[in-house]
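# Close look at the chain arrangement
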Amino acid sequence: MFKCIECGHDLINKNRTYVANLDNCVIIVKNVPALVCEHCNEVYYTDEISEKLEKITLKLKELINDVAVVEAVVEFEDKIA
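Residues numbered from 1 in each chain as written. Predicted model: local features only at pLDDT ≥ 70, side-chain atom pairs only at ≥ 80, totals over all residues. Heavy atoms only, no water.

Within the fold, threonine 57 resides in helix 1 (residues 47-63). Setting aside chain neighbours within four positions, we find threonine 57 in contact with Tyr18, Ala20, Leu22 and Ile27. (Helix = DSSP H or I, 4+ residues; strand = E, 2+ residues; numbered from the N terminus. Contact = heavy atoms within 4.5 Å.)

Attention shifts here to the confidence of the model for the chain. Overall, the prediction assigns the chain a mean pLDDT of 86, with 89% of residues at 70 or greater. By mean pLDDT, helix 2 (residues 76-79) is the weakest element of the chain at 48, and strand 3 (residues 43-44) is the strongest at 97. For residues 76-81, every residue scores under 50 in pLDDT, and the model assigns this stretch 15 contacts once sequence neighbours within four places are set aside. (pLDDT = per-residue confidence, 0-100.)

With that settled, consider the nonpolar core. Core analysis: the biggest nonpolar cluster contains ten residues, these being Ala20, Cys25, Ile27, Val29, Val32, Ile49, Leu53, Leu60, Ala68 and Ala72. Counting five residues, the second largest nonpolar core, distinct from the first, contains Cys4, Leu11, Cys37 and Tyr44. (Core = buried A, V, L, I, M, F, W, Y, C linked by side-chain atoms within 4.5 Å. Buried < 20%, exposed > 50% of the residue type's maximum accessible area, 1.4 Å probe, protein only.)

A separate point is the environment of alanine 34. Within the secondary structure, alanine 34 sits in strand 2 (residues 26-37). Looking at alanine 34, the relative accessible area reads 0%, which means it is buried. For the pair alanine 34 and asparagine 15, spaced 19 residues apart in the sequence, the C-alpha separation amounts to 5.7 Å.

Here we take up helix 1. For an α-helix, the turn length of 3.6 residues means that residues three or four places apart are oriented alike. The terminal C-alpha atoms of helix 1 lie 25 Å apart, and with 17 residues this matches the ideal 24 Å at 1.5 Å per residue to within 8%. For helix 1, the full list of buried residues reads Ile49, Leu53, Thr57 and Leu60. What you see down the axis of helix 1 is that its buried residues fit within an arc of 75°, all on one side. Facing away from the buried surface of helix 1 by more than 90 degrees, the exposed residues are Asp47, Lys55 and Glu62. (Expected span 1.5 Å × (residues − 1). Arc of directions from axis to C-beta.)

Across ten bridges, strand 1 (residues 11-21) lies against strand 2 in antiparallel orientation. Each bridged residue has a counterpart across the sheet, and for arginine 16 the counterpart in strand 2 is valine 32. Between strand 1 and strand 2, which pair antiparallel and follow one another directly, the connecting turn spans four residues. In this sheet, strand 4 (residues 67-71) lies alongside strand 2 in parallel orientation, the contact comprising five bridges. Directly across from isoleucine 28, in strand 4, lies its bridge partner valine 69. One ladder, built from two bridges, connects strand 2 with strand 3; its direction is antiparallel. Bridge pairing links leucine 35 to tyrosine 44 in strand 3. Hairpin connection of strand 2 to strand 3: five residues between the antiparallel strands, including asparagine 41 at a positive phi of 65°. (Pairing = 2+ DSSP bridges.)

Encoded structure:
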C-alpha cells in the first residue's frame, strides 16, 4: 500500500476531477483515477495517468479558448496498482 508523502497515511483508489487553469482556457477532466490520502485528501497520479493528462491538456489547449470539460476513459484496475 502506498503512503501519503504529506502525512504518512494510506492512499486509496478514487476518481478525481483534474483542473488545468491555463492562460487562455480552463480544462476540466472528470473521473480521473488517482491515489488519494484517506486523511488529508492529497491527490497523486501515476506516471501513466500524468502523461495522459498532459496529452489531453496540450491537445485541448490548441483547440479551445474558453472552457473544456471531458470525461476520462481509464479503468482503475488497469492503471493504478
